[in-house]
Amino acid sequence: MPAVVDAHHHVWDLSVRDQDWIRGEQLAPIRRNFTLDDLAPLAHKSGVTATVLVQTVTVAEETPEFLALADGHELVAGVVGWADLTRPDIAETLARLAALPGGRYLKGIRHQVQGEPDPEWLLRPDVLRGLAAVAAAGLVYDLVVLPHQLPACAGAAAALPGLTFVLDHCGKPPVASGAVEPWAGSVRALAALPNTVCKLSGLVTEADPATWTPDALRPYADTVLDAFGPGRVMFGSDWPVCTLAATYEQVTEAAQELTGSLTPGEREAVFGGTATRVYRL
């Protein structure tokens, strides 16, 4: 198989700042430091030659730190950072980030929309203005949302055809329950817009972590592959969050099994071509 791009992973150092979302017994196994040096051997063993490092907290200082990490480590080819979309000076903020050491690695912006109580947060005028600034800066926007927020994602993507929206973790479908609708219908409505892309990532942690199998993930993977087409789907490990349910190698192998019926060219898109094009790696 050709070289693989892992389009979604994280790192954090709890001595630098707390990850306040890592709370409770279920998340206890990942309440420790995870570094690029931890990831590199796992990635290389799975044929991964480049990655996209994605924000974890809504703290302005994290993005410059990630850009510096990318500048100093050959594995990271792109960074999806965080910036406050609602600030009037968002365009200036993005320009300042691009001018920092490693600024050339800034490829996208993300906000924890899944934590916003307003299901139409993305459609707020101040947010849409911020998203337009992201587009003007030549960046993409990653969507980390829950299924009930998918209609607002489609609304934002329709309102801003010049911005590429990347749906993280397939929109977090309810894998553990086995339900497909209404998630699938909302995903198809989003995929009908040409400026949308989807990450084949995060499914193992939406499943039952103790009993999941690739077959349990298949209805959700098949839905996004059919809706977006392989040319608009990209593989992401979601390491180290994925380790709550699976090893890095197991996640990679599951994605390969779930795409086993695709042509070699389609698999190459999912495992590298789509991410390279969308994030301009």
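Whatever comes next refers back to the structure up there.
Described in the following lines is the structure provided in the data block. (Residues numbered from 1 in each chain as written. Predicted model: local features only at pLDDT ≥ 70, side-chain atom pairs only at ≥ 80, totals over all residues. Heavy atoms only, no water.)

### Observations concerning the side chain of Gln55
Item 1. With respect to the secondary-structure elements, Gln55 resides in the loop between strand 2 (48-54) and helix 2 (62-72).
Item 2. Using a relative accessible area of 0% as the deciding quantity, one classes Gln55 as buried.
Item 3. Of note is the side chain of Gln55, whose polar atom sits 2.8 Å from the side chain of Arg110.
Item 4. Sequence-distant contacts of Gln55, defined by excluding residues within four places in its chain, comprise His10, Glu62, Phe66, Val80, Gly81, Trp82, Arg110 and Gln112. (Helix = DSSP H or I, 4+ residues; strand = E, 2+ residues; numbered from the N terminus. Buried < 20%, exposed > 50% of the residue type's maximum accessible area, 1.4 Å probe, protein only. Polar contact = N/O pair within 3.5 Å; in protein donor to acceptor, adjacent residues only side chain to side chain. Contact = heavy atoms within 4.5 Å.)

### Here we look at the pattern of salt bridges
Item 1. Applying the stated rule across the entire model yields 13 salt bridges.
Item 2. Among the ionic pairs, Arg124 bridges to Asp126, the shortest N-O distance being 2.7 Å.
Item 3. Relative accessible area serves as the criterion here: at 31%, Arg124 is assigned to the partly exposed category.
Item 4. Because the salt bridges share partners, they merge into one network encompassing Arg110, Asp142, Asp168 and Lys199. (Salt bridge = Lys/Arg side-chain N within 4 Å of Asp/Glu carboxyl O.)

### Side note on the packing of aromatic side chains
Item 1. By the definition in use, this model includes six aromatic pairs.
Item 2. Three or more aromatic residues joined by ring pairs make a cluster, and in this case those are Trp12, Trp21, Phe34 and Trp239. (Phe/Tyr/Trp six-rings, centres within 6.5 Å; stacked < 30°, edge-to-face > 60°.)

### Description of the packing of helix 6 (residues 183-191) against helix 7 (residues 214-228)
Item 1. Contact pair helix 6 / helix 7: the axes reach a minimum separation of 9 Å and the direction vectors enclose 25 degrees. Judged by the angle between their axes, helix 6 and helix 7 are roughly parallel. Judged by the sense of rotation from one axis to the other, the crossing of helix 6 with helix 7 is right-handed. Between helix 6 and helix 7, the residues in contact are Trp183, Ala184, Val187, Arg188, Leu190 and Ala191 and Tyr220, Thr223, Val224, Asp226, Ala227 and Phe228, respectively.
Item 2. By residue class, the composition of the contact of helix 6 with helix 7 is nine nonpolar, one polar and two charged. (Axes fitted to C-alpha atoms, helices over the stretch in contact; angles between N-to-C directions. Parallel < 35°, antiparallel > 145°, perpendicular 65-115°, else oblique. Left-handed = near helix turned anticlockwise from the far one by under 90°. Nonpolar A, V, L, I, M, F, W, Y, C, P; charged D, E, K, R; others polar.)

### Points about the pairing of strand 3 (residues 76-81)
Item 1. With six of six residues buried, strand 3 lies mostly within the body of the structure.
Item 2. Here four bridges tie strand 2 to strand 3, and the two strands are oriented parallel to one another. Counterpart to Thr51 in the pairing with strand 3 is Val76.
Item 3. Between the parallel pair strand 2 and strand 3, the chain is carried across by helix 2, and the sense of this crossover is right-handed.
Item 4. Summarising the sheet, strand 3 and strand 4 (residues 106-111) pair through three bridges and their orientation is parallel. Paired with Val80 across the two strands is Gly108, which belongs to strand 4.
Item 5. Between strand 3 and its parallel partner strand 4, the chain crosses via helix 3 (residues 90-99), and the hand of that crossover is right-handed. (Pairing = 2+ DSSP bridges. Right-handed = clockwise from strand over helix to strand, strands pointing away.)

### Some points on unusual backbone geometry
Item 1. Glu181 connects to Pro182 through a cis peptide bond whose omega is 5 degrees.
Item 2. Among the structural elements, Pro182 can be located in the loop between strand 6 (165-167) and helix 6.
Item 3. At the junction of Trp239 and Pro240, the peptide bond is cis and its omega measures out at 0 degrees in the coordinates.
Item 4. Of note in this structure, Lys172 is not a glycine but carries a positive phi near 55 degrees.
Item 5. Structurally, Lys172 is set in the loop between strand 6 and helix 6.

### Description of the sheet that holds strand 3
Two strands in a sheet stick together by hydrogen bonds in their backbones, pointing the same way (parallel) or opposite ways (antiparallel).
Item 1. A sheet is described by the order of its strands in space; here eight strands give the open sequence 1-2-3-4-5-6-7-8, paired in parallel fashion. In this open sheet, the two strands that pair with only one neighbour each are strand 1 (4-9) and strand 8 (233-235). Pairs of neighbouring strands in the sheet enclose a mean axial angle of 25 degrees, with direction left out of account.
Item 2. Of the pairings in the sheet, the one linking strand 4 to strand 5 (residues 140-143) comprises four bridges and is parallel in character. Bridging across to strand 5, Ile109 finds its partner in Tyr141.
Item 3. Docked against the sheet, helix 7 engages strand 6, strand 7 (196-200) and strand 8, running at close to 155 degrees with respect to strand 7.

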